[in-house]
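Here is what each chain is made of, one letter per residue.
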Amino acid sequence: QVQLEESGGGSVQAGGSLMLSCAASRNIVSVDPMGWYRQAPGKQRELVAAITSAGITNYADSVKGRFTISRDNAKNTVYLQMNSLKPEDTAVYYCHAYGRPPNLTWYYDYWGQGTQVTVSS
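Because the structure is predicted, anything quoted here is derived from the model rather than measured.

Caption draft 1: Expanded view of the pattern of salt bridges. Inspection of the entire model under this criterion finds five salt bridges. Across the salt bridge formed by Arg-38 and Glu-46, the nearest N and O atoms sit 2.8 Å from each other. Under the relative-accessibility criterion, Arg-38 is labelled buried at 6%. You can call Glu-46 partly exposed: its relative accessible area is 30%. Among the ionic pairs, Asp-89 bridges to Arg-66, the shortest N-O distance being 2.7 Å.

See below:
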C-alpha cells in the first residue's frame with residue numbers, strides 16, 4: 001500500500017538543518033522525476049524541489065541556496081537537505097514521484113503521506 005516512504009521530518013530551531021528522505025517502492029518503475037512539495041496551514045501546496053534521473057534540478061525561489069535535492073537512482077530514493085531553516089519553512093512536506101506500475105504502460109502521480117517540518121524562531 002505504501003508507495004512512497006518518507007522520513008526525516010521533525011522540529012528544529014531557526015538556522016538549523018534537516019534531511020528528508022523518500023524511497024519509492026518496487027511497485028513503481030520508470031520513476032522520473034521525483035521531488036518534494038510542501039503545504040503550510042492556510043496555504044496552497046507548492047513545489048519545493050524536483051530532480052530528474054539525469055540530475056536536472058528545479059527549486060522554488062524561496063529555498064534556492066538553502067535546500068539541496070539529490071537522488072539515488074539505484075535505490076529509487078530522493079533526498080532533500082534543508083539548511084538555514086526559517087520559520088516560514090514550517091509545513092507538511094510531501095514526496096512526489098511520477099512513474100508507473102511494472103505491469104502497466106500508463107503513468108501515475110504518486111504522493112507520500114507527508115512529514116511535518118516545524119521551524120521555531
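Caption draft 2: How the structure looks around unusual backbone geometry. In the segment running from Asp-32 into Pro-33, the intervening peptide bond is cis, with an omega of -5°. Even without being glycine, Asn-76 reaches a positive phi, approximately 55°. Here Asn-76 shows up in the loop between strand S7 (67-72) and strand S8 (77-82). Phi at Ser-84 is positive, roughly 50°, even though this residue is not glycine. With respect to the secondary-structure elements, Ser-84 resides in the loop between S8 and strand S9 (91-99).

Caption draft 3: Here's a closer look at the pairing of strand S1 (residues 4-7). Alternating residues of S1 divide into Leu-4 and Glu-6, all buried, and Glu-5 and Ser-7, none buried. One ladder, built from four bridges, connects S1 with strand S3 (residues 18-24); its direction is antiparallel. Bridge pairing links Glu-6 to Cys-22 in S3.

Here is what the cut-offs are and how they apply
- Residues numbered from 1 in each chain as written.
- Predicted model: local features only at pLDDT ≥ 70, side-chain atom pairs only at ≥ 80, totals over all residues.
- Heavy atoms only, no water.
- Salt bridge = Lys/Arg side-chain N within 4 Å of Asp/Glu carboxyl O.
- Buried < 20%, exposed > 50% of the residue type's maximum accessible area, 1.4 Å probe, protein only.
- Helix = DSSP H or I, 4+ residues; strand = E, 2+ residues; numbered from the N terminus.
- Pairing = 2+ DSSP bridges.

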